[in-house]
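Below are the chains, spelled out letter by letter.
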Amino acid sequence: MTPDPVEMARRIGRLNPADGEGFSRYLSDNREKLRKIAPILQRPFSGIRDVMDLPWADLLPALRPWSSVDGDLKRWFKDPRVRLAFSFQSKYLGMSPFKCPSLFTILSFMEYEYGVFHPLGGCGAVCRAMAATATEFRCRIHLNESVTGLEFDGRRVVGVRTERRSYPCDSIVINADFSHAMRRLVPDGLRRRWTDRKLDRKKYSCSTFMMYLGLEGETDLPHHSIFLAED
């Protein structure tokens, strides 16, 4: 992979000449798709009315909801190896490119359009910068306190309980796995929509099994190498 579009087309062309020519069309088509869909991605969806109010006549040709990421990529790339190189980003969503909605061809497009950035100091530097900004706005951050439960007034959350103390709150944001948090923090009797029985019937997307290995010596691999199984 390279951020140079001319060189990228040449490299793709080495695998399949027609696919090299399709790269520029892939970029222009997804640039237009992102332009149309960006305002939708930036708005809240609180109910069915928010969905019905969308300009579907203009969106459907761009969204192509009947197609998958891999199916949409076939419009530009015939070689399955090239399509894999432009579809592995669907793993960010925990989905297979053969089932992931075609909208998400914009994921790989954005990497070529805007580049890929690595924060200095690693991803932890992003957390530290967010914490510093929050502190400037007089937020107080409590670390090393496991949340043991939520406190309710009827069905409304009014506090967060940890192993050390209770924190009253006017509102709450939970950044945790939805199913796990519901079962662990909200009594089943308070969940009319997401009962344990309903959660049991849901299908869940794959997560990641990740290993951090400390290796002695050097490895002859470029940074961010990605390996895909033949199947």
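Heads up: the structure comes first, above all this text.
This section reports on the structure supplied with the text.

About the criteria used
- Residue indices follow the written sequence of each chain, beginning from 1 at its first position.
- The predicted origin of the model limits local features to residues at a pLDDT of at least 70 and limits the giving and counting of side-chain atom pairs to 80 or more, whereas totals for whole chains, interfaces and linings rest on all residues.
- Working from all heavy atoms in the structure, the side-chain values ignore hydrogens and water.
- Patch membership requires over 30% relative accessible area and the absence of a salt bridge. Like charges are linked within 9 Å, and nonpolar side chains (Val, Leu, Ile, Met, Phe, Trp, Tyr) within 5 Å.
- Accessibility throughout is a Shrake-Rupley quantity obtained with a 1.4 Å probe, and a residue counts as covered only by protein chains that appear here.
- Counted as salt bridges are all cases of a side-chain nitrogen of Lys or Arg within 4 Å of a carboxyl oxygen of Asp or Glu.
- Counting rule for charge: Lys and Arg are taken as positive, Asp and Glu as negative, and neither His nor the chain ends is counted.
- By convention, charge coordinates are those of NZ in Lys, CZ in Arg, CG in Asp, or CD in Glu.
- Helix numbering and strand numbering both begin at the N terminus, where a helix is a DSSP run of H or I of at least 4 residues and a strand a DSSP run of E of at least 2.
- Classification of residues uses two cut-offs on accessible area relative to the type maximum, computed with a 1.4 Å probe and protein chains only: under 20% is buried, over 50% is exposed, and between them is partly exposed.
- A pair of strands is considered paired only if DSSP assigns at least 2 bridges between the two.
- Each axis is a line fitted through C-alpha atoms, and for a helix only the stretch in contact is used; angles between axes span 0 to 180 degrees, taken between their N-to-C directions.
- Handedness of a helix crossing follows the sense of rotation of the near helix relative to the far helix, less than a right angle counterclockwise being left-handed and clockwise being right-handed.
- Throughout, a contact is declared for two residues whenever any of their heavy atoms are within 4.5 Å.
- Here the term charged refers only to Asp, Glu, Lys and Arg, the term nonpolar to Ala, Val, Leu, Ile, Met, Phe, Trp, Tyr, Cys and Pro, and the term polar to all other amino acids, Gly among them.
- Only buried Ala, Val, Leu, Ile, Met, Phe, Trp, Tyr and Cys residues count toward a nonpolar core, and they belong to the same one when joined by side-chain atoms within 4.5 Å.
- Just so you know how the angles are binned, under 35 degrees is roughly parallel, over 145 roughly antiparallel, 65 to 115 roughly perpendicular, and the rest oblique.

Taken together, the side chains of R193, R197, R201 and K202 present a region of like positive charge at the surface. Note on placement: R193 falls in the loop between α9 (178-185) and α10 (196-201). On the accessibility criterion, R193 (59% relative accessible area) is exposed.

Note: strand β1 (residues 147-153) against strand β2 (residues 156-162), six bridges, orientation antiparallel. When the bridges of β2 are listed, F152 appears paired with V157. Between β1 and β2, which pair antiparallel in sequence order, lie two residues; one of them, G154, sits at a positive phi of approximately 70°.

This brings us to the packing of helix α1 (residues 5-15) against helix α2 (residues 17-41). Where α1 contacts α2, the axes come no closer than 6 Å and their chain directions differ by 145°. Between α1 and α2 lies a crossing of right-handed hand. Each of P5, M8, A9, I12, G13 and L15 in α1 lies in contact with α2, whose residues at this interface are P17, D19, G20, F23 and L27. Of the residues belonging to the contact of α1 with α2, the class tally is eight nonpolar, two polar and one charged.

On to the pattern of salt bridges, then. Evaluated as defined, the whole model comprises 16 salt bridges. For R10, the salt bridge is made with E7, and the minimal N-O distance between the two is 2.7 Å. With R10 and E7 both in helix α1 and three residues apart, the pair spans about one turn of that helix. A salt bridge links D72 to K33, with the shortest nitrogen-to-oxygen separation between them at 3.4 Å. In this pair, D72 sits in helix α5 (residues 69-73) while K33 sits in helix α2, placing the two residues 39 residues apart along the sequence.

On to the pairing of β2. Pairing of β2 with strand β3 (residues 166-168) involves three bridges; the strand directions are antiparallel. Bridge assignment links R161 to a residue of β3, and that residue is S166. Once β2 ends, the chain turns through three residues before running back antiparallel as β3.

Spatial ordering of the open sheet is given by β1-β2-β3, a layout of three strands whose pairing is antiparallel. Of all strands in the sheet, those with a lone pairing partner are β1 and β3, marking the two edges. Sheet twist, expressed as the average angle between the axes of neighbouring strands with direction ignored, equals 30°.

Nonpolar side chains in soluble globular proteins generally cluster together in the buried interior. The biggest cluster of nonpolar side chains holds 22 residues, and the ones touching the most others in it are I12, F23, Y26, I37, L73, F77 and F86. Counting only elements with at least two residues in this core, the list comes to α1, α2, α4 (56-63), α5 and α7 (106-114). By residue number, the principal contributor to this core is α2, which donates six residues. Ignoring sequence-local partners within four residues, the contact set of F23 consists of P5, M8, A9, I12, F77, F86 and Y112. Grouped together as the second largest cluster of nonpolar side chains are nine residues, L150, A181, L185 and V186 included.

Packed helices, taken two at a time, are described by the angle their axes make and the gap between the axes. It is the contact of α2 with α7, at a shortest axis distance of 9 Å, that shows an interaxial angle of 105°. Looking at the two axes, α2 sits roughly perpendicular to α7. For the pair α2 and α7, the contacting residues are F23, Y26, L27, N30, R31, K33, L34, I37 and L41 in the first and I106, S108, F109, M110, Y112, E113 and Y114 in the second. Of the residues in the contact of α2 with α7, the class split is eleven nonpolar, two polar and three charged.

Moving on, we come to the side chain of S90. Here S90 lies in the loop between α6 (80-85) and α7. S90 gets classed as buried once you look at its relative accessible area, which sits at 5%. Among residues more than four places away in sequence, those in contact with S90 are M95, S96, P97 and C100.

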